[in-house]
Structures are given as structure tokens and as C-alpha cells.
Amino acid sequence: MVYTELGTVEKPIIDWLRELGWEYVSADELKRDVEQPFVLSTLIQAIKVLNPHFIQSDEDVELVINQLRRCSNDITGNRDFFEWLKGERSIVFKQGEKAKTIRLIDYDNPENNCFVVTNQFKFTGYKNVRFDVVLMVNGIPLVIIEAKTSTKEQIDYTDAVNQLLRYHRDAPQIFKYL
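Fair warning: this is a prediction, and the values are worked out from it, not measured in the lab.

## Topic: the nonpolar core
Then, in step 1: Ile47, Phe81, Trp84 and Leu104 are the most contacted members of the largest nonpolar core, which totals 26 residues.
Then, in step 2: Broken down by secondary-structure element, the contributors of at least two residues to this core are helix H1 (5–19), helix H2 (40–50), helix H3 (58–69), helix H4 (75–85) and strand E5 (128–137).
Then, in step 3: In terms of residue count, the dominant contributor to this core is H3 (4 residues).
Then, in step 4: For Ile47, the contacting residues outside a window of four places in its chain are Ile55, Val61, Val64, Ile65 and Leu104.
Then, in step 5: The next biggest cluster of nonpolar side chains, apart from the first, holds 15 residues, and it includes Val25, Val39, Ile174 and Phe175.

The following block contains the structure:
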């Protein structure tokens, strides 16, 4: 019997997450461009549902998404995006109005969020990368898991760490969201 990362690591992780209520969607079924980290249709819906008093138009949604995209590809951008995730960032929709605090995740009622796990998630930054397992909430990739099978003696966790470091060098654009 041949042991692969998919069979010995990825699939058990996915099965466990499905037991916890996560929905599995294959990477090919996610409606997104490989240069786009978000599943836009899911993110747009979440922004509208979680901010009904502030989001009045598609232009308002686009304004929020553009702010998310503007986070820099470094630790500062990561910190800025984390503030967005915590509901600590605000945006002015119309000149002269007060800034409105935007929610991307419903922490009070988790069932209002969309939890998706996928595998073999492709992303194009400076170079093409493919993540073994990705966990997404409301269309936002939040967790990357680099799987390594324990059936090969010469491979251990340091191989996964080195691969993640290479991914960070090749596609830093996605890491600001993680």
C-alpha cells in the first residue's frame, strides 16, 4: 500500500474538520481567480449580512474589499488585517459621515459564518504556490496547513516549515491574511 500526504494527513484533517461542522469544497470548485485569495461571492455576502445598517450598495462592499486588499505584504499589513478581523477597523462611506466599524466575522453567532476547508489551494503571488489544506471563514483564507506524511523517515516538520518559508517568499501577498 502506498502512503501519500493526501491519504495519511490531508484527508484525516479534512474529515475531522467536517465532523466539527466545516464544509469541504475542493479547490477547483471554489469560485475564485488564483491571483485572488478571497472567495469573493462568499465574502461579499458576509459583508452585506454582517453590516446591514452600513452597507447600502455594491459600491460600499467594493470599498471595504479594496481596503482589505490595500493591507501591505508584511507584518504591518498582517496586523492591520487582524484588526479588520477583530472588528476594530472603520471606514467612511460618504464624505461628512462618521466612520462605520465593519464586521467580517460574526463572533457572537458563529453559525452565521461560512466555514470552508479545502485542499490543494493554488495561489499566484510572485510565483505559483499550492497549499495542502486551507481553512476559510466567510471566504477569507485564515489558516494554512502544510502536510507531511510521517511514513517517510527523511521527512519531518522542518520540511513543512521550510516549505511555508518558501511560500512566504514566493507569495507574500496571501500571508497578510493569515
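Right, picking up where we left off after that structure.
## A word on the environment of Thr118
Then, in step 1: Take Thr118: it is sitting in strand E4 (residues 115–124).
Then, in step 2: Measuring from C-alpha to C-alpha, the distance between Thr118 and Gly77 comes to 24 Å, with 41 residues separating the pair along the chain.
Then, in step 3: With near-sequence residues (within four places) excluded, Thr118 lies in contact with Tyr24, Val25, Ser26, Ala27, Leu30, Asp132, Val133 and Val134.
Then, in step 4: A polar atom in the side chain of Thr118 sits 2.6 Å from the backbone oxygen of Val25.
Then, in step 5: Within the structure, Thr118 has its side chain in polar contact with the backbone nitrogen of Ala27 (distance 2.9 Å).

## Some points on unusual backbone geometry
Residues other than glycine predominantly adopt negative phi, and peptide bonds predominantly adopt the trans conformation.
Then, in step 1: Of note, Gln120 is a non-glycine position whose phi angle comes to about 55°, a positive value.
Then, in step 2: In this fold, Gln120 is placed in strand E4.
Then, in step 3: For Gln120, a relative accessible area of 25% gives the class partly exposed.
Then, in step 4: Phi at Asn138 takes a positive value of approximately 55°, unusual for a residue other than glycine.
Then, in step 5: Within the secondary structure layout, Asn138 lies in the loop between E5 and strand E6 (140–145).

So, how was this worked out
- For every chain, the first residue of the written sequence is number 1, and numbering continues from 1 along that sequence.
- For this predicted model, a pLDDT threshold of at least 70 governs which residues receive local features, and a threshold of 80 or more governs which side-chain atom pairs are given and counted, while totals over whole chains, interfaces and linings are taken from all residues.
- Based on all heavy atoms of the structure, the side-chain values leave hydrogens and waters out of the count.
- Only buried residues count toward a nonpolar core. Its members are Ala, Val, Leu, Ile, Met, Phe, Trp, Tyr and Cys residues joined through side-chain atoms within 4.5 Å.
- Burial here depends on accessible area, computed with a 1.4 Å probe over protein chains only, as a share of the maximum for the residue type. Under 20% is buried, over 50% is exposed, and the range in between is partly exposed.
- By definition, any uninterrupted DSSP run of H or I lasting at least four residues is a helix, any uninterrupted run of E lasting at least two residues is a strand, and each is numbered from the N terminus.
- The contact criterion used is simple: two residues touch if any of their non-hydrogen atoms lie within 4.5 Å.
- Counted as a polar contact is a pair of N or O atoms within 3.5 Å, where, for protein atoms, one must be capable of donating a hydrogen and the other of accepting one, and residues adjacent in sequence contribute only when both atoms are in side chains.

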